[in-house]
Amino acid sequence: MYDYDLLVVGSANADLVIGVERRPAAGETVLGSDLVVHPGGKGANQAVAAARLGARTAALLARVGDDTHGRLLIQSQREAGVDTVGMLVGGAPTGVALITVDPSGDNSIVVSQGANARLTPEDVRAAASLLHASRVVSAQLEIPLETVVEVVRNLPSGTRFVLNPSPPRPLPAEVLAACDPLIVNEHEARVITGAALDGSPEDWAAALLALGPRSVVVTLGSEGALVATAESMTRVPSVKVDAVDTTGAGDAFTAALAWRLGTGSSLPDAAAYAARVGAAAVTRPGAQESYPTAEEVEAL
């Protein structure tokens, strides 16, 4: 019996967002909008997105500082309905993401890891009961890679592991072998394979599968996504919307896909649903504040 539909192991950041007419070049200063602080971080975003969609129970294993930003992040999780039993406090100031958003909705992000860098393998081992109580475990790379490795090593039989390797870096074979799926965009695919990746997204997916993951999802922005296994490759179309802010949209996609896999959906069906969730998320500003309910997704 599982207590949690989804356990997210990852980062929790305060997003400091400024709107700009254009992003500055090297050595240049541009004026922007008033600063707005949002709860964010890839791990925290995924947990909130899943809870908003109706995950029976979502939990977050993360570390924040004993400060104003940390309290903001814990409160935002509770308000969304996420179980915060795994949120650890202390060790460093809360992580911060500095985000600029241009009029097209595209963003640039710089992250100060802060407490995220102090989420350790020991923290994972201490949270064994959470891992064993979860249908699906999702992770990202805004926490130490050795912590993600420890998640894989402590993954119970029957629990599915989903990884979005962002920010990307080469991955050990044991992590790749656990991914079902590995979710990447084009840039992440290039870093993971260490290759130029000429050709089509199908070629990229084949190169990634050769590294050992059980399945791969390549996100293609306005072109949708590609779902790949050893047996088949399936294109998932996008939903056309007017983008306002793309911040956190990839996290919404990953959370929706991971949650739907836990409910028994096939990987192509889960990816199709996730594409609608990601599309809904870009129609509003912010990350967690933009995440849709299941009813809003159905309206698309």
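Residues numbered from 1 in each chain as written. Predicted model: local features only at pLDDT ≥ 70, side-chain atom pairs only at ≥ 80, totals over all residues. Heavy atoms only, no water.

1. Overview of the pattern of salt bridges
Any two side chains of opposite charge can pair if their charged atoms end up close together.
Part 1 of the argument: Counting across every chain of the model gives 13 salt bridges.
Part 2 of the argument: Arg-125 is the salt-bridge partner of Glu-150, the closest N and O atoms lying 3.0 Å from each other. With Glu-150 in helix α5 (residues 145-153) and Arg-125 in helix α3 (residues 121-126), this pair connects stretches of sequence that are 25 residues apart.
Part 3 of the argument: Accessibility expressed as a relative area gives 11% for Glu-150, which makes it buried.
Part 4 of the argument: With a relative accessible area of 39%, Arg-125 lands in the partly exposed category.
Part 5 of the argument: Close ionic contact of Arg-190 with Glu-186 constitutes a salt bridge, the shortest N to O distance being 2.3 Å. Residue Arg-190 and its partner Glu-186 are located together in helix α7 (residues 186-193), separated by 4 residues, close to a single helical turn.
Part 6 of the argument: Counted as one network, the salt bridges with shared partners bring together Glu-122, Arg-125 and Glu-150. (Salt bridge = Lys/Arg side-chain N within 4 Å of Asp/Glu carboxyl O. Helix = DSSP H or I, 4+ residues; strand = E, 2+ residues; numbered from the N terminus. Buried < 20%, exposed > 50% of the residue type's maximum accessible area, 1.4 Å probe, protein only.)

2. Here's the deal with the nonpolar core
Part 1 of the argument: Membership of the largest hydrophobic core comes to 46 residues, with the highest contact counts inside it found for Leu-60, Val-217, Phe-253 and Leu-257.
Part 2 of the argument: Those elements that provide at least two residues to this core are β1 (4-9), α1 (42-53), β4 (58-64), α2 (68-80), β12 (225-229), α9 (249-262) and α10 (267-281).
Part 3 of the argument: In contact with Leu-257, not counting residues within four places along its chain, are Pro-181, Ile-183, Val-217, Leu-267, Ala-270, Ala-271 and Ala-274.
Part 4 of the argument: Listed in part, the 41 residues of the second largest apolar core include Val-137, Leu-171, Val-184 and Ile-192. (Core = buried A, V, L, I, M, F, W, Y, C linked by side-chain atoms within 4.5 Å. Contact = heavy atoms within 4.5 Å.)

3. Let's talk about the side chain of Asp-15
Part 1 of the argument: Summarising the element assignment, Asp-15 is placed in strand β2 (residues 13-19).
Part 2 of the argument: The buried charged residue Asp-15 lacks any salt bridge, with Lys-42 as its nearest oppositely charged partner at 9.5 Å.
Part 3 of the argument: Ignoring sequence-local partners within four residues, the contact set of Asp-15 consists of Val-36, Val-37, His-38, Pro-39, Gly-40, Gly-41, Ala-97, Ile-99, Thr-247 and Ala-287. (Lys, Arg positive; Asp, Glu negative; His and termini not counted.)

4. Structural notes on the packing of α1 against α2
When two helices pack together, their arrangement is given by the angle between their axes and by how far apart the axes lie.
Part 1 of the argument: It is the contact of α1 with α2, at a shortest axis distance of 9 Å, that shows an interaxial angle of 20 degrees. As the angle between them shows, α1 and α2 are arranged roughly parallel. Handedness of the crossing formed by α1 with α2: left-handed. Taking contact as the criterion, the partners of Ala-44, Ala-47, Val-48 and Ala-51 in α1 are, on α2, Ser-76, Gln-77 and Ala-80.
Part 2 of the argument: Each residue belonging to the contact of α1 with α2 can be placed in one class, and the counts come to 5 nonpolar, 2 polar and no charged. (Axes fitted to C-alpha atoms, helices over the stretch in contact; angles between N-to-C directions. Parallel < 35°, antiparallel > 145°, perpendicular 65-115°, else oblique. Left-handed = near helix turned anticlockwise from the far one by under 90°. Nonpolar A, V, L, I, M, F, W, Y, C, P; charged D, E, K, R; others polar.)

5. Some thoughts on the side chain of Asp-102
Part 1 of the argument: Following the sequence through the fold, Asp-102 ends up in the loop between β6 (95-101) and β7 (107-112).
Part 2 of the argument: We classify Asp-102 as buried; its relative accessible area is 15%.
Part 3 of the argument: At 3.3 Å, the side chain of Asp-102 forms a polar contact with the side chain of Arg-23.
Part 4 of the argument: Polar side-chain contacts of Asp-102 include one of 2.6 Å to the side chain of Ser-104.
Part 5 of the argument: Beyond its immediate stretch of four places on either side in the chain, Asp-102 contacts Val-20, Glu-21 and Arg-23. (Polar contact = N/O pair within 3.5 Å; in protein donor to acceptor, adjacent residues only side chain to side chain.)

6. Observations regarding the pairing of strand β13 (residues 233-236)
Part 1 of the argument: Where β12 and β13 come together, 4 bridges link them in antiparallel fashion. Following the sheet pairing, Val-227 is matched in β13 by Thr-234.
Part 2 of the argument: Taking the residues between adjacent antiparallel strands as the criterion, β12 and β13 are bridged by 3 residues. (Pairing = 2+ DSSP bridges.)

7. Notes on the sheet that holds strand β3 (residues 36-40)
Part 1 of the argument: In space, the 4 strands of this open sheet follow the order β3-β2-β6-β7, with mixed pairing throughout. Strands with a single pairing partner mark the edges of an open sheet, and in this sheet they are β3 and β7. Adjacent strand axes in the sheet meet at a mean angle of 25 degrees when their direction is disregarded.
Part 2 of the argument: With 7 bridges connecting them, β2 and β6 associate as parallel partners. Residue pairing in the sheet places Val-17 in a bridge with Ile-99 of β6.
Part 3 of the argument: Where α2 meets the sheet, it contacts β2, β3 and β6, and its direction lies at approximately 55 degrees from that of β3.

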